[in-house]
Amino acid sequence: QVQLVESGGDLVQPGGSLRLSCAASGSIFKIAAMGWYRQAPGKQRELVATISSGGSTNYADSVKGRFTISRDNAKNTVYLQMNSLKPEDTAVYYCKLSLWASDFWGQGTQVTVSS
C-alpha cells in the first residue's frame, strides 16, 4: 500500500512563489519516476514536471524557467518550486509516483494565482 500526501497549495498573487511537497509512504520498492500534473476547471490534466530515479527532469514548455522539480530521497519526498506565478497556473496540482509496475496519485492541492 502506497500513500502520497501533498501540501503547499495556496492563494498567491501574480509574480509570487509557492513550494509544493509530496511525501510518499508505504510499500515502495522500485521508483521509476515522480512528477507533478495539474488540471484546471474544464481542461485536461497535463504534465507539469517529472524527475526520474536517475535525476533526469522534464518540464512542460509553459513552466520552463519558472518551475523546478526536486527530490529528497531520504524522505521519499518530491517538491515543486514555482516562481513567477501567472493566473494561468491556477489549477489543482497532483503528485504522481511511478513504480516498476504501478502508478499512484495524490489527492491534489489547489493553487490559485489571482490579484
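Residues numbered from 1 in each chain as written. Predicted model: local features only at pLDDT ≥ 70, side-chain atom pairs only at ≥ 80, totals over all residues. Heavy atoms only, no water.

1. A few points about the packing of aromatic side chains
Logical step 1: Taken as a whole, this structure holds 1 aromatic pair when the rule is applied.
Logical step 2: Relative to W105, the ring of Y37 has its centre 5.0 Å away and its plane inclined at 65°; by these criteria the two rings are edge-to-face. Residue Y37 is found in strand 4 (residues 31–39), and its partner W105 is found in strand 10 (residues 103–105); the two are separated by 68 residues along the sequence.
Logical step 3: By relative accessible area, which is 15% here, Y37 ends up buried.
Logical step 4: The exposure class assigned to W105 is partly exposed, which follows from its relative accessible area of 35%.
Logical step 5: The side chain of R45 reaches across the aromatic face of Y94, ending 3.8 Å from its centre.
Logical step 6: Taking the ring centre of W105 as reference, the NZ or CZ of R45 above it sits at 4.8 Å. (Phe/Tyr/Trp six-rings, centres within 6.5 Å; stacked < 30°, edge-to-face > 60°. Helix = DSSP H or I, 4+ residues; strand = E, 2+ residues; numbered from the N terminus. Buried < 20%, exposed > 50% of the residue type's maximum accessible area, 1.4 Å probe, protein only. Lys NZ or Arg CZ within 6 Å of the ring centre and 35° of its normal.)

2. Some words on the pairing of strand 4
Working note: regular strand, side chains alternate between the two faces of the sheet.
Logical step 1: In the sheet, strand 4 pairs with strand 9 (residues 91–99) via 8 bridges, with the strands oriented antiparallel. Opposite M34, over in strand 9, you have L97 as the bridge partner.
Logical step 2: Two elements, strand 4 and strand 5 (residues 46–52), share 6 bridges in a ladder whose sense is antiparallel. By the bridge assignment, Y37 is partnered in strand 5 with L47.
Logical step 3: Hairpin geometry of strand 4 and strand 5 is characterised by an intervening segment of 6 residues between the two adjacent antiparallel strands and by a positive phi of about 75° at G42. (Pairing = 2+ DSSP bridges.)

3. Let's talk about the side chain of K96
Logical step 1: As for its placement among the helices and strands, K96 is situated in strand 9.
Logical step 2: Judged by relative accessible area, K96 falls into the buried class, the value being 16%.
Logical step 3: Each residue touching K96, except ones within four places of it in the same chain, is listed here: L4, A33, M34, G35, Y37, D103, F104 and W105. (Contact = heavy atoms within 4.5 Å.)

4. Thoughts on the side chain of E6
Logical step 1: For E6, the position within the fold is in strand 1 (residues 2–7).
Logical step 2: Of the buried charged residues, E6 lacks a salt bridge, with R45 as the closest side chain of opposite charge at 8.0 Å.
Logical step 3: Engagement of the side chain of E6 in a polar contact is seen with the backbone nitrogen of C95, the distance being 2.3 Å.
Logical step 4: Reaching out from E6, the side chain makes a polar contact with the backbone nitrogen of Q107 at a distance of 2.9 Å. (Lys, Arg positive; Asp, Glu negative; His and termini not counted. Salt bridge = Lys/Arg side-chain N within 4 Å of Asp/Glu carboxyl O. Polar contact = N/O pair within 3.5 Å; in protein donor to acceptor, adjacent residues only side chain to side chain.)

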